[in-house]
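Architecture at a glance
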Amino acid sequence: MRLTKLEHAALVIEDSGDKLYIDPGKFTTPITESAGAMAVVITHRHDDHWTPEQLTRIAEANPDVRFFGPAGVAAAATGFPVETVEAGDAVEVGPFRLRFFGGRHAVIHPSIPVIDNLGVLVNDALYYGGDSFTVPGVPVDVLAAPAGAPWMKISEAMDYVVEVAPRRAFPTHEMVLSRAGKALSNARLAWATEQGGGEYLPLEPGDTLDF
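Residues numbered from 1 in each chain as written. Predicted model: local features only at pLDDT ≥ 70, side-chain atom pairs only at ≥ 80, totals over all residues. Heavy atoms only, no water.

As for the layout of surface pockets
In this structure, the largest pocket encloses a volume near 180 Å³. Leu-6, Val-12, Tyr-21, Ile-31 and Glu-33 are, among the 14 residues lining the largest pocket, the residues nearest its centre. Of all the elements in the fold, those that place two or more residues in the lining of the largest pocket are β1 (2-5), β2 (11-15) and β3 (18-22). Partitioning the lining of the largest pocket into residue classes produces five nonpolar, four polar and five charged. (1 Å grid on protein atoms, 1.4 Å probe; cavity = no way out; pocket = protein on both sides within 12 Å on 5 of 7 lines; lining within 4 Å. Points joined across faces, edges and corners; volume = space filled by probe spheres on them. Helix = DSSP H or I, 4+ residues; strand = E, 2+ residues; numbered from the N terminus. Nonpolar A, V, L, I, M, F, W, Y, C, P; charged D, E, K, R; others polar.)

Section: the nonpolar core
The biggest cluster of nonpolar side chains holds 28 residues, and the ones touching the most others in it are Leu-20, Ile-22, Phe-68, Leu-98 and Phe-100. Going through the elements one at a time, β2, β3, β4 (37-41), β7 (90-93), β8 (96-104), β9 (116-122), β10 (126-128) and β11 (142-146) are the ones with two or more residues in this core. Excluding anything up to four places from it in sequence, Phe-68 contacts Ala-39, Val-40, Val-41, Ile-42, Val-82, Glu-83, Val-85, Val-91, Val-93, Leu-98 and Phe-100. Counting 21 residues, the second-largest nonpolar core is a separate cluster that includes Leu-143, Ala-145, Ala-149 and Val-161. (Core = buried A, V, L, I, M, F, W, Y, C linked by side-chain atoms within 4.5 Å. Buried < 20%, exposed > 50% of the residue type's maximum accessible area, 1.4 Å probe, protein only. Contact = heavy atoms within 4.5 Å.)

Description of the UniProt feature "domain: Metallo-beta-lactamase" (unreviewed entry) in the protein chain
In the UniProt entry, the feature "domain: Metallo-beta-lactamase" (unreviewed entry) is given for residues 7-173. Helix makes up 16% of residues 7-173 and strand 33%. Its end C-alpha atoms lie 8 Å apart. (UniProt positions renumbered as here; feature names shortened; annotations may be inferred.)

Regarding the sheet that holds strand β14 (residues 208-210)
What the seven strands build is an open sheet, ordered β6-β5-β4-β3-β2-β1-β14; its pairing is mixed. Looking at which strands have only one partner, the edges of the open sheet turn out to be β6 (82-84) and β14. Between one strand axis and the next, the sheet turns by 20° as a mean value, whatever way the strands run. The pairing of β4 with strand β5 (residues 66-69) spans three bridges and is parallel. Its bridge partner lying in β5, Val-41 is registered against Phe-68. Contacting β3, β4 and β5, helix α1 (residues 52-61) crosses the sheet at an angle of about 160° to β4. (Pairing = 2+ DSSP bridges. Axes fitted to C-alpha atoms, helices over the stretch in contact; angles between N-to-C directions.)

A closer look at the pattern of salt bridges
Two side chains that carry opposite charge are able to pair once their charged atoms sit near each other. Tallied over the full model, the rule gives 10 salt bridges. Between Asp-124 and Arg-97 there is a salt bridge, with the nearest N and O atoms lying 3.3 Å from each other. Note that Asp-124 is positioned in the loop between β9 and β10 and Arg-97 in strand β8, a separation of 27 residues in sequence. For Arg-97, a relative accessible area of 30% puts it in the partly exposed group. Between Lys-182 and Glu-204 there is a salt bridge, with the nearest N and O atoms lying 3.0 Å from each other. (Salt bridge = Lys/Arg side-chain N within 4 Å of Asp/Glu carboxyl O.)

Concerning the sheet that holds β7
Spatially, β7-β8-β9-β10-β11-β12-β13 is the arrangement adopted by the seven strands of the open sheet, whose pairing is mixed. Edge positions in the sheet fall to β7 and β13 (199-200), since each has one partner strand and no second. Set on the sheet, helix α3 (residues 154-164) makes contact with β10 and β11; between it and β11 the angle comes to about 165°.

Let's talk about the environment of Met-175
Within the fold, Met-175 resides in the loop between β12 (168-172) and α4 (179-195). Overall, the relative accessible area of 42% leaves Met-175 in the partly exposed class. Separated by 10 residues in the primary sequence, Met-175 and Ala-165 place their C-alpha atoms 24 Å from one another. Residues in contact with Met-175, not counting those within four places in the same chain, are Glu-7, His-8 and Phe-27.

A few points about the side chain of Asp-131
The residue Asp-131 is located in the loop between β10 and β11 in this model. The side chain of Asp-131 is buried and forms no salt bridge, while Lys-26, the nearest opposite charge, is found at 11 Å. At 3.1 Å, the side chain of Asp-131 forms a polar contact with the side chain of His-49. Side-chain polar atoms of Asp-131 contact the side chain of Trp-151, separated by 3.2 Å. Those residues within four positions of Asp-131 in sequence are excluded, and the remaining contacts are His-44, His-46, His-49, Arg-104, His-105, Ala-106, Asn-117, Trp-151 and His-173. (Lys, Arg positive; Asp, Glu negative; His and termini not counted. Polar contact = N/O pair within 3.5 Å; in protein donor to acceptor, adjacent residues only side chain to side chain.)

Below, the structure is given as structure tokens:
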């Protein structure tokens, strides 16, 4: 399988021409070459993780594509046939096995309601927690590690990476950072990954990783 990092929190995983998209939101370049998309996973309802325009483009190119997300996504994404999933659920779509974890978005501020959020484990190898520090409690080959967000500070992300102890990690959720901020986050996340003997890969949008 091959992972391609897109901008911000979006990823695409490909296996023999079949594709799985995760969190194509407003900070991600419009997705216009999505032929082969089997499924789209949306971890939560915030628009930096999905937009109607992104889903429409994918659906128009792939009429049989399936959408998965927590109840909050299904309620927000009216007009799209979102299949509601919960923590503990497992789904198979083509070559992709999806397992879901967590349930709640990280706290941004006490004045802001906490919404639902699900982490997803793809083929028991790639884990992406959405906007949370939910630890899946299983071995992780590749971790999408949050680099910057209103709901986190870098020490929390470092502790999260240390606890997950992935074999490899790369940054996600970093469009809110300057170039200097990305360099700082990469250095800290690299240190955290190395504590468990793993390798940190500072992927940029368009970079790929085979796993």
